[in-house]
Amino acid sequence: PETITIQELSNRMAERGVDVIKLLMKQGQMLKINDTIDADMAQLIAEELGHTVKRVAESDVEEGLFRIGDEDGDLVSRPPVVTIMGHVDHGKTSLLDAIRSTKVAAGEAGGITQHIGAYQVESKGQKITFIDTPGHEAFTAMRSRGAKATDIVILVVAADDGVMPTTVEAINHTRAAGVPIIVAINKIDKPDADPQRVRTALLQHEIVVESMGGDTLEVEVSAKQRLNLDKLLEAVLLQSEVLELKANPTRPAEGTVIEGKLDKGRGPVATVLVQRGTLKVGDILVAGGAWGRVRALLTESGDAVRDAGPSTPVEVLGFQETPEAGDRFAVVENEARAREVADYRLRVKREKAQARGSAARGSLAEMMS
Ligand code: GTP
Ligand code: MG
């Protein structure tokens, strides 16, 4: 059931909390400012104080925001979204660098990826969207989000180090998301590389690669020596063919925020992955409690584009606040609707935080008594 704290109810009515508490007392309820009451009681109190009540259920506000499926239009094939996962330092960023012919890993602080990067490459005339994730143990939530927004996971395992804790964690996230895995056994250039040991260790986690009679695609690679990168891309295209990935590009865009940051000059900047529809300059969108009108769309190389279709990662300028990584975004019909959704979500978030706060105080009081 929906509840509200007395504090929040008072705030929304611009009434004093003590007046609300007095009225509740008349109803036989002895409550304090941080206690919660249900929606019916809140309505009663509000009307008692001469306010008109408009109850907005979550389902009303959120309704129609995310239209599941693309049933409303023509489907065309879209590029696969491929997330690179694996243990820290196993060479995820290096592998992507090798594929893209860039040097992102070399520029990272301590050689450790601390955010999610999204890139698009073209192989044999086909686009592939790659998402890099951090392997450091601190970034579990990011990996979980990465596994959810993807079609395929490339599990990078260093041949000299073998299956490690984050490798296993990545397998579990991927399995939970129901996403197929391609195993990339990296660093095979190293003298102490033992790819066979990797294959055997994966068996314990119910991943049976092709060379052991299973159906999980595997490729031995070296990011450093650029070995077998074409084979890896072939495996990705093969796997994505099986998945028959399609989307309707003509509907309003929906997707996931990959990264959000506040840029000194440009204001809030979000890297988003468009998953359905096409995002256009001028569109109004909401992501979590943030909303905005798209002022500019930039590709990873900084080129301004007019629009971004399904499976495209793109930088969005024009948010009023900075959205959070992992937030879903959707294009809405107008600014009023965007504000309504954003305000509603912020309120829910605040109330949840308050409820957690008073629950914590409650349990502390119990402990002390
Ligand atoms: P996190 O993002 O921190 O999880 O690390 P990562 O998996 O992205 O690893 P990164 O690409 O930063 O590489 C870690 C180290 O391994 C770097 O020193 C790379 O130069 C090295 N490395 C990556 N690939 C190879 C390879 O194929 N062969 C050898 N010899 N070294 C490699
Ligand atoms: Mg990295």
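Before reading on, note that the structure itself is shown above.
None of these values were measured; they are calculated from a predicted model.

Definitions and cut-offs
- Residues numbered from 1 in each chain as written.
- Chains lettered and ligands numbered in written order.
- Predicted model: local features only at pLDDT ≥ 70, side-chain atom pairs only at ≥ 80, totals over all residues.
- Heavy atoms only, no water.
- Phe/Tyr/Trp six-rings, centres within 6.5 Å; stacked < 30°, edge-to-face > 60°.
- Lys NZ or Arg CZ within 6 Å of the ring centre and 35° of its normal.
- Core = buried A, V, L, I, M, F, W, Y, C linked by side-chain atoms within 4.5 Å.
- Buried < 20%, exposed > 50% of the residue type's maximum accessible area, 1.4 Å probe, protein only.
- Helix = DSSP H or I, 4+ residues; strand = E, 2+ residues; numbered from the N terminus.
- Contact = heavy atoms within 4.5 Å.
- Salt bridge = Lys/Arg side-chain N within 4 Å of Asp/Glu carboxyl O.
- Pairing = 2+ DSSP bridges.
- Right-handed = clockwise from strand over helix to strand, strands pointing away.
- Axes fitted to C-alpha atoms, helices over the stretch in contact; angles between N-to-C directions.
- Parallel < 35°, antiparallel > 145°, perpendicular 65-115°, else oblique.
- Nonpolar A, V, L, I, M, F, W, Y, C, P; charged D, E, K, R; others polar.
- Polar contact = N/O pair within 3.5 Å; in protein donor to acceptor, adjacent residues only side chain to side chain.
- Expected span 1.5 Å × (residues − 1).

### A word on the packing of aromatic side chains
By convention here, two paired aromatic rings are described through the distance between centres and the angle between planes.
For step 1, the next point in the chain: Under the criterion given, the structure shown has 0 aromatic pairs.
For step 2, the next point in the chain: We note Arg100 situated over the ring of Tyr119; from NZ or CZ to the ring centre the distance is 3.5 Å.

### Here's the deal with the nonpolar core
For step 1, the next point in the chain: Leu95, Ile128, Phe130, Ile154, Ile182 and Leu232 are the most contacted members of the largest nonpolar core, which totals 25 residues.
For step 2, the next point in the chain: Counting residues per element, the ones that place at least two in this core are strand S4 (81–86), helix H5 (92–100), strand S5 (117–123), strand S6 (126–132), strand S7 (152–158), strand S8 (181–186) and helix H9 (229–243).
For step 3, the next point in the chain: Top element by residues in this core is H9. It accounts for 6 residues.
For step 4, the next point in the chain: Look past the residues within four positions of Phe130 in its chain and what remains in contact with it is Val82, Ile84, Leu96, Ile99, Gly117, Ala118, Tyr119, Val121, Ile154 and Leu233.
For step 5, the next point in the chain: Among the nonpolar cores identified, the runner-up in size contains 17 residues, and Ala270, Leu279, Val294 and Val316 belong to it.

### Focus on the pattern of salt bridges
For step 1, the next point in the chain: Under the defined criterion, the tally for this structure stands at 20 salt bridges.
For step 2, the next point in the chain: One salt bridge in this structure joins Asp151 and Arg78, with 2.9 Å as the shortest N-O distance. In this pair, Asp151 is assigned in the loop between helix H6 (140–148) and S7 and Arg78 in the loop between strand S3 (76–77) and S4, connecting sequence segments 73 residues apart.
For step 3, the next point in the chain: Measuring nitrogen to oxygen at the nearest pair gives 3.2 Å for the salt bridge that ties Arg339 to Glu335. You can see Arg339 and its partner Glu335 sitting in helix H10 (residues 335–368), 4 residues apart, about one turn around the helix.
For step 4, the next point in the chain: What emerges from the salt-bridge pattern is a single network uniting Arg251, Glu254, Arg276 and Arg328.

### Concerning the environment of Gly260
For step 1, the next point in the chain: The residue Gly260 is located in strand S11 (residues 254–263) in this model.
For step 2, the next point in the chain: You can call Gly260 partly exposed: its relative accessible area is 31%.
For step 3, the next point in the chain: Separated by 128 residues in the primary sequence, Gly260 and Asp132 place their C-alpha atoms 15 Å from one another.
For step 4, the next point in the chain: Once residues within four sequence positions are removed from consideration, Gly260 is found in contact with Val269, Ala270, Thr322 and Pro323.

### Let's talk about the pairing of S7
For step 1, the next point in the chain: Across the 7 residues of S7, 7 count as buried, placing the element largely inside the fold.
For step 2, the next point in the chain: Side-chain alternation along S7 places Ile152, Ile154, Val156 and Ala158 on one buried face and Val153, Leu155 and Val157 on a second face that is also buried.
For step 3, the next point in the chain: Of the strand pairs in this sheet, S4 and S7 are connected by 5 bridges, and their pairing is parallel. Directly across from Met85, in S7, lies its bridge partner Leu155.
For step 4, the next point in the chain: Sheet analysis places S7 next to S8, joined by 6 bridges and oriented parallel. Along S8, the bridge assignment pairs Val153 with Ile181.
For step 5, the next point in the chain: One crossover worth recording links S7 to the parallel S8 by way of helix H7 (residues 165–177), and it is right-handed.

### Section: the packing of H5 against H9
For step 1, the next point in the chain: Here H5 crosses H9 at 95°, and the two axes come no closer than 10 Å. Comparing their axes, H9 and H5 come out roughly perpendicular. Residue-level inspection shows Leu95, Ala98 and Ile99 of H5 in contact with H9, the latter providing Leu229, Leu232 and Leu233.
For step 2, the next point in the chain: A class-by-class count of the residues in the contact of H5 with H9 yields 6 nonpolar, no polar and no charged.

### Describing the side chain of Asn186
For step 1, the next point in the chain: Tracing the chain through its elements places Asn186 in strand S8.
For step 2, the next point in the chain: Among the residues examined, Asn186 registers a relative accessible area of 2% and is labelled buried.
For step 3, the next point in the chain: Of the polar contacts made by the side chain of Asn186, one reaches the backbone oxygen of His90; its length is 2.9 Å.
For step 4, the next point in the chain: The residues touching Asn186, leaving out its near neighbours within four places in the chain, are His90, Gly91, Leu95, Val156, Val157, Ala158, Ala159, Val221, Ser222 and Ala223.

### Concerning H9
For step 1, the next point in the chain: If you check H9, its first and last C-alpha atoms are 21 Å apart, about what 15 residues at 1.5 Å a residue would give, namely 21 Å.
For step 2, the next point in the chain: Along H9, the residues that are buried comprise Leu229, Leu232, Leu233, Ala235, Val236, Leu237, Gln239 and Ser240.
For step 3, the next point in the chain: Looking at the residues trailing H9, positive phi occurs at Glu244, about 45°.

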